[in-house]
Amino acid sequence: MAGFDPYAIVKRPVVSEKSYKLMDEGVYCFEVDGRATKVDVRYAVEKLFDVKVLAVNTLNRKGKRKRNRKNGTWVNGSTKKHAMVRLAEGDSIDLFEK
């Protein structure tokens, strides 16, 4: 992987009630680049946070379709890719520290 940049793959953590509940189980949620594979996400998280990743699950979140009231046209929101990363027991990520 020549020119591998983990900051280009992991964009930001997903902050929601569900993601906070998953943190207790050792699962952390991130928004990632849409072209990134599970292997890319694994290497990026391990390099950025110095943790051991056991599993990565990804999902594509399709953008919502909204109607413009003024002229009646439809606009699609942006599609995002999320990754749920399960860490080894004893490892954790302080999301607000880095």
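Residues numbered from 1 in each chain as written. Predicted model: local features only at pLDDT ≥ 70, side-chain atom pairs only at ≥ 80, totals over all residues. Heavy atoms only, no water.

As annotated in an unreviewed UniProt entry, the protein chain carries the name Large ribosomal subunit protein uL23 and is attributed to Ferrithrix thermotolerans DSM 19514. Checking UniProt for the protein chain, the heading Sequence similarities (unreviewed entry) contains the comment "Belongs to the universal ribosomal protein uL23 family." According to the UniProt record, the Function (unreviewed entry) comment for the protein chain reads "One of the early assembly proteins it binds 23S rRNA. One of the proteins that surrounds the polypeptide exit tunnel on the outside of the ribosome. Forms the main docking site for trigger factor binding to the ribosome." (UniProt positions renumbered as here; feature names shortened; annotations may be inferred.)

Now for unusual backbone geometry. One non-glycine residue, Asp 50, adopts positive backbone phi at about 55 degrees. Turning to its location among the elements, Asp 50 is positioned in the loop between α3 (38-49) and β3 (53-61). Judged by relative accessible area, Asp 50 falls into the exposed class, the value being 69%. (Helix = DSSP H or I, 4+ residues; strand = E, 2+ residues; numbered from the N terminus. Buried < 20%, exposed > 50% of the residue type's maximum accessible area, 1.4 Å probe, protein only.)

For soluble globular proteins, nonpolar side chains are generally found buried alongside one another. Ranked by internal contacts, the top residues of the largest apolar core, which has 20 residues, are Phe 30, Val 41, Val 45, Val 85 and Ile 93. Of all the secondary-structure elements, those providing two or more residues to this core are β2 (27-32), α3, β3 and β6 (80-87). The greatest single-element share of this core, amounting to 5 residues, is contributed by α3. Other than its neighbours up to four places away in sequence, Ile 93 contacts Tyr 28, Phe 30, Val 45, Phe 49, Val 51 and Leu 87. (Core = buried A, V, L, I, M, F, W, Y, C linked by side-chain atoms within 4.5 Å. Contact = heavy atoms within 4.5 Å.)

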